[in-house]
Structure formats: structure tokens, C-alpha cells
Amino acid sequence: MDNCLNLPAEILLEREVDHIDIAQDCLPVHKYKESEDCTKYKSAKTGRGPLGPQWKEITHPIMCSYKVVIVRFEVWGFQTRVEAFVHSCIRDILLLGHKQAFTWLDEWHGMSLEELREYEKNIQAQTNQKVLSDGYCTGSAEAATPESTSVIDLSNSSASRLPAAEKPKP
């Protein structure tokens, strides 16, 4: 994990690596679903799960996902708190998404790449529709795509999401 994303030296010096454990790390109470609990889920198709405390040491193969999150909110008096809050929200989103990827295994296991891409597209559309219907966003459903969410402008500051679980320090 030295520099698998070819990050510039200045980012590597400041980064904070945050290991997310889909089995042992807890979600906020309002996000928890027993059906998405990796310590209780067992795949009917593959026999994988439930994940115990030492699952990372005894499970092979294991998927590893790298994310780089850079948050800048340069407003005096608010910077540290807002940046920490954004990082914690993104961590929760990544944790939930990876828990779901594991516990929804039987829905996507065995799909071709084309079928998987269509499945992803449908899930993304459903998620966007839910976000819009819950009043979280006033934009169109098409606004929330990976290409359009790379940089979020926060009053002359930005929170950037780059493809990679390494988080630079503020």
C-alpha cells in the first residue's frame, strides 16, 4: 500500500490512512439493518460469511478498495469541525456501501460484466430517486453521477473525492 494510486509526494506526507472493517466497524444506529450486518449474513450462493472478528486474517481472497478524500473548508472558526464532519460522513457512506456490497452478494454474484454495469446503473438511479424524493437535494437525478460529484464547491472551498481509503490530514 505504499502508493498504489500514484499520489504526489506532498499528499503522501499528509495522508491519514483509515482502515474500514465492514464486520467490526459500527454504523450510526439509524443506518443499521440486521440484513446488512456482515457478522450475521451468510451468502446462499457462495457460502461466504458470517464475518468474525479475525475475518481479514483468515479470509482469502479479500477485496481492498482505496479512496482518497480531500476536504478543504477554509472558513476561520469552522474549518476543523466542518472538515472532520465531512470526513466522518464520507467514512459512514463508504462503510455502509461496502457492507451492502458484501451482504447483497447473492443479488450480483454470477453476473456478467455487462449485467453488473446495468445492475449498478439501476441501483444508482434508485438511490438518486430516493435522495430526491426525501428532499435532500433540489437538483435532477442525473446530477448525482461519479463524474459530477468529484468536486463539491463549499463557499470558495472544496471537498474533493478522488478514486482511492487514504485520507490526507486537513
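Let me begin by describing the structure that accompanies this report. (Residues numbered from 1 in each chain as written. Predicted model: local features only at pLDDT ≥ 70, side-chain atom pairs only at ≥ 80, totals over all residues. Heavy atoms only, no water.)

**As for the pattern of salt bridges**
Per the counting criterion, the structure on display carries 5 salt bridges. We note a salt bridge from Lys56 to Asp21, for which the minimum N-O separation is 4.0 Å. On the criterion of sequence distance, the pair formed by Lys56 in helix 2 (residues 55–58) and Asp21 in the loop between strand 1 (15–17) and helix 2 is long-range, its members being 35 residues apart. Taking the shortest distance from any N to any O, the salt bridge between Asp25 and Arg91 comes out at 2.9 Å. With Asp25 in the loop between strand 1 and helix 2 and Arg91 in helix 3 (residues 79–103), this residue pair connects regions lying 66 residues apart in the sequence. Here the salt bridges do not stand alone but share partners, grouping Asp18, Asp25 and Arg91 into one network. (Salt bridge = Lys/Arg side-chain N within 4 Å of Asp/Glu carboxyl O. Helix = DSSP H or I, 4+ residues; strand = E, 2+ residues; numbered from the N terminus.)

**Brief notes about empty space enclosed by the protein**
Roughly 40 Å³ of volume is contained in the second largest cavity. Residue lining of the second largest cavity: Leu27, Lys31, Tyr32, Lys33, Glu36, Asp37 and Lys99, and that is the complete set. Looking at the lining of the second largest cavity, its residues break down into 2 nonpolar, no polar and 5 charged. (1 Å grid on protein atoms, 1.4 Å probe; cavity = no way out; pocket = protein on both sides within 12 Å on 5 of 7 lines; lining within 4 Å. Points joined across faces, edges and corners; volume = space filled by probe spheres on them. Nonpolar A, V, L, I, M, F, W, Y, C, P; charged D, E, K, R; others polar.)

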